Amino acid sequence: MKVVKGLQDENINQESTEKQSSFIKMKKFQFVMLLFIIVFLSAGITTFALAFGDEKAVSVGNETSRSEFDKLYTAFDTLKNGYFQEVEDNTLINGAINGMLESLDDPYSDYMDVEEAKNFHESISSSFEGIGAEITEQEGSIVIVSPLKGSPAEKAGLKPNDVVLSVDGESIQGMSSTEAVLLIRGEKGSTVELAIQRPGTTEPITFPIVRDTIPIETVYGEMIDDEIAKVQITSFSEKTGEELVETLNNLQGEGMKGLVLDLRQNPGGLLDQAILISSLFVPEGEILFQIEDREGNREAMQSTAQENTDMPLVVVIDQGSASASEILAGAVQESADVPLVGQKSFGKGTVQRAQDFSDGSNMKFTTEKWLTPEGNWIHKKGIQPDYEVALPEYASLPYVSPDLELKLSSSSTQVQSAQQMLAALDIDPGRTDGFFDEQTETAVKEFQKSAQLEETGVLTGQTTLKLMEELRALIDENDTQILKATELLKEKLNS
């Protein structure tokens, strides 16, 4: 088996990886574009950045010579002097900047005040305190892109495309994603309550979620069998490339001969990491993606790895795979003939520029499109897998709150979800229409007995948590997308 000797980036402001191994060691990138292109996570949203540095905020030049600002100055002076309460200068200035960005009607362009910018910088460094879910703004609503692996959001049952209606009873309709993040984040150990509208359900679902420290640990690897390994990348942060190197080295030592790369529910992250990892699997000189400006000029970003692994690879994606993970998926699909398995990805095909202001606030705005190697713009369309495979229906069942008492004569969508969970676990609830009758009570008692819990026939607390825990284990055991990817790899290994 051919092994990779190099993978490294020296064009970004982070330490070079010095790890050497039989499988990979880091190798320098030779193109200048990385000096000004970087993708980052912002306020729970995955974004790309083409410039990120210490330059000053945009200057508008000599005020007296800019007649287009006359109206703005007049409004400022009028409010400053005539509003019925005293107004701070910064309040009006920040509002004006925010208003300009909102007028673009672009969910990926917004203004972050000092506190929001601070949270953003924390989210791309090491850790932050919150629920661990990437969000975006769509047509005035806040939508879950994907929960991070192992996060309180994932454990609570949040899913991609869930619409957040309120946070602790406060409506967030019309808020920007950065405003919503400030409400959702909070001190470790505190509880935040999200009201969610899930596609396919008629009633909102309430999720009480205990906040925790969210580490930026992004790579998880395991052997599926004696020859095939699965590596999940949950986001692209500062050390993802380094984590992947270490993980692959360890797995090769365990006998890995084929690799399933799992990008499901990956909201994206730092572009340099996506380039590093894509270059590992895409031959040198092949296109990873293209950048197109508003004049239609295109710049192709190419793989710089001088050597690549020829290890059989299959990549798995879903509707939570967004942004930088779509760049990686598109690169290996179109430039390395790597098959994609799963469901159509999220569809974010724009590039943002980050601009820091001297007071610590920040704004980002869309500057360009990014296209796949073959020139496809996947924005709002997503990437179509080569093998479309859905998870079992029970994998998308709504969360059941352990704080509720579901018992005889109860009727709700929560009861319906619990009945469907019992049925998936081969415990017959008698019906799955949301009405809790005697047969459902019997099914709950049967489940409690098997789980060594008190046989009350009431679904609440530990019974509910255990029910969802066993359902998650069933989903992992019957992961149809990973099973298909494994099947494809076995065919390659045996051919």
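Structure: see above.
These lines cover the structure that appears in this document, whether it is placed above or below. (Residues numbered from 1 in each chain as written. Predicted model: local features only at pLDDT ≥ 70, side-chain atom pairs only at ≥ 80, totals over all residues. Heavy atoms only, no water.)

## Side note on the overall build of the protein
Okay, step 1: Looking only at helices and strands, one finds 12 helices and 21 strands in the protein.
Okay, step 2: When burial is assessed residue by residue, the protein has 52% of its 495 residues classed as buried.
Okay, step 3: About 22700 Å² of surface is accessible on the protein, with carbon and sulfur atoms providing 46% of the total. (Helix = DSSP H or I, 4+ residues; strand = E, 2+ residues; numbered from the N terminus. Buried < 20%, exposed > 50% of the residue type's maximum accessible area, 1.4 Å probe, protein only. Areas by Shrake-Rupley, 256 points an atom, 1.4 Å probe, with all protein chains shown as cover.)

## Notes on the packing of aromatic side chains
Okay, step 1: For the structure on display, the rule yields four aromatic pairs.
Okay, step 2: Directly above the aromatic system of Y108 lies the positively charged group of K348, at a separation of 4.5 Å from the ring centroid.
Okay, step 3: Of note, K369 hangs over the ring of W377, and the distance from its end group to the ring centre comes to 4.3 Å. (Phe/Tyr/Trp six-rings, centres within 6.5 Å; stacked < 30°, edge-to-face > 60°. Lys NZ or Arg CZ within 6 Å of the ring centre and 35° of its normal.)

## Let's talk about the packing of helix α1 (residues 70-82) against helix α2 (residues 89-102)
Okay, step 1: Across the interface, α1 lies against α2 with an axial gap of 11 Å and an inter-helix angle of 145°. Here α1 and α2 pass one another in a crossing that is right-handed. Side by side, α1 and α2 meet where L72, F76, L79 and K80 of the first sit next to D89, L92, I93 and A96 of the second.
Okay, step 2: Of the residues belonging to the contact of α1 with α2, the class tally is six nonpolar, no polar and two charged. (Axes fitted to C-alpha atoms, helices over the stretch in contact; angles between N-to-C directions. Left-handed = near helix turned anticlockwise from the far one by under 90°. Contact = heavy atoms within 4.5 Å. Nonpolar A, V, L, I, M, F, W, Y, C, P; charged D, E, K, R; others polar.)

## Comments concerning the sheet that holds strand β17 (residues 313-317)
Within a beta sheet, neighbouring strands are joined by backbone hydrogen bonds and run either parallel or antiparallel to one another.
Okay, step 1: Spatially, β12-β13-β14-β17-β18-β21 is the arrangement adopted by the six strands of the open sheet, whose pairing is mixed. Looking at the sheet topology across the chains shown, the edges are occupied by β12 (219-223) and β21 (387-388).
Okay, step 2: As paired strands, β17 and strand β18 (residues 340-342) are joined by three bridges and run parallel to one another. The residue of β18 that forms the bridge with V315 is L340.
Okay, step 3: Against the sheet, helix α8 (residues 324-335) touches β14 (258-262), β17 and β18, its axis set at about 130° to β18.
Okay, step 4: Where helix α12 (residues 480-494) meets the sheet, its contacts fall on β13 (228-233), β14, β17, β18 and β21, and the angle it forms with β17 comes to roughly 165°. (Pairing = 2+ DSSP bridges.)

## So, the side chain of S109
Okay, step 1: Residue position: S109 is located in the loop between α2 and β3 (110-112).
Okay, step 2: Residue S109 is classed as buried on the basis of its relative accessible area of 6%.
Okay, step 3: Side chain to side chain, S109 and D106 meet in a polar contact 2.8 Å long.
Okay, step 4: Among the polar contacts listed, one links the side chain of S109 to the backbone nitrogen of T366, at a separation of 2.9 Å.
Okay, step 5: For S109, the residues in contact, after removing those within four places along its chain, are L101, L104, K364, F365 and T366. (Polar contact = N/O pair within 3.5 Å; in protein donor to acceptor, adjacent residues only side chain to side chain.)

## Re the environment of G200
Okay, step 1: Assignment of secondary structure puts G200 in the loop between β9 (191-197) and β10 (205-210).
Okay, step 2: For G200, a relative accessible area of 82% corresponds to the exposed category.
Okay, step 3: Sequence separation of G200 and P398 is 198 residues, and the distance between their C-alpha atoms is 9.8 Å.

## Notes on α12
Okay, step 1: Its 15 residues give α12 an end-to-end C-alpha distance of 21 Å, which sits within 8% of 21 Å, the value for a rise of 1.5 Å per residue.
Okay, step 2: Taken together, the buried residues of α12 touch β13, β14, β17, β18 and β21. (Expected span 1.5 Å × (residues − 1).)

## A look at the nonpolar core
Okay, step 1: Core analysis: the biggest nonpolar cluster contains 45 residues, and I131, L158, V164, L194, F207, L467 and L471 have the highest contact counts within it.
Okay, step 2: Residue contacts for L194: discarding those within four places in its chain leaves I131, L158, V164, S166, V167, I205, T206 and F207.
Okay, step 3: Among the nonpolar cores identified, the runner-up in size contains 39 residues, and I233, L271, A274 and I291 belong to it. (Core = buried A, V, L, I, M, F, W, Y, C linked by side-chain atoms within 4.5 Å.)

## Observations concerning a nonpolar patch on the surface
Okay, step 1: The grouping of L79, Y83 and F84 at the surface amounts to a nonpolar patch, some 350 Å² of accessible area in total.
Okay, step 2: Following the sequence through the fold, Y83 ends up in the loop between α1 and α2. (Patch = residues over 30% accessible without salt bridge, like charges linked within 9 Å, V, L, I, M, F, W, Y side chains within 5 Å. Salt bridge = Lys/Arg side-chain N within 4 Å of Asp/Glu carboxyl O.)

## Observations concerning the environment of P392
Okay, step 1: Mapped onto the fold, P392 is located in the loop between β21 and α9 (413-424).
Okay, step 2: Counting along the chain gives 87 residues from P392 to D479, while the straight-line C-alpha distance between them is 7.8 Å.
Okay, step 3: Excluding its chain neighbours within four sequence positions, the residues that come into contact with P392 are N478 and T480.

## Side note on the side chain of R211
Okay, step 1: Along the chain, the position of R211 falls in the loop between β10 and β11 (212-215).
Okay, step 2: The buried charged residue R211 lacks any salt bridge partner; its closest oppositely charged side chain belongs to D168, at an N-O distance of 4.4 Å.
Okay, step 3: Within polar-contact distance, the side chain of R211 engages the backbone oxygen of L183 at 3.3 Å. (Lys, Arg positive; Asp, Glu negative; His and termini not counted.)

## Overview of helix α10 (residues 438-450)
Okay, step 1: The end-to-end C-alpha distance of α10, which contains 13 residues, comes to 19 Å, matching closely the 18 Å that a straight helix rising 1.5 Å per residue would cover.
Okay, step 2: Structurally, α10 contributes buried residues whose contacts are with α9 and α11 (461-477).
Okay, step 3: The opening residue of α10 is D437, an N-cap whose side-chain oxygen sits 3.2 Å from the backbone nitrogen of Q439.
Okay, step 4: Of the residues trailing α10, Q452 is marked for its positive phi of about 60°.

## Let's talk about a negative patch on the surface
Okay, step 1: Taken together, the side chains of D168, E170, E193 and D403 make up a negatively charged region of the molecular surface.
Okay, step 2: Here E170 shows up in strand β8 (residues 170-171).
Okay, step 3: When its relative accessible area of 40% is taken as the criterion, E170 is described as partly exposed. (Charge placed at Lys NZ, Arg CZ, Asp CG, Glu CD.)

## Focus on the pairing of β17
Okay, step 1: Extensive coverage of β17 is indicated by the burial of five of its five residues.
Okay, step 2: Side chains L313, V315 and I317 project from β17 onto one buried face, and the interleaved V314 and V316 project onto a second face that is buried too.
Okay, step 3: One ladder, built from four bridges, connects β14 with β17; its direction is parallel. Bridging across to β17, L259 finds its partner in L313.
Okay, step 4: What joins β17 to β18 is α8, and the crossover it makes is right-handed. (Right-handed = clockwise from strand over helix to strand, strands pointing away.)

So yeah, pure geometry; function would need other evidence.
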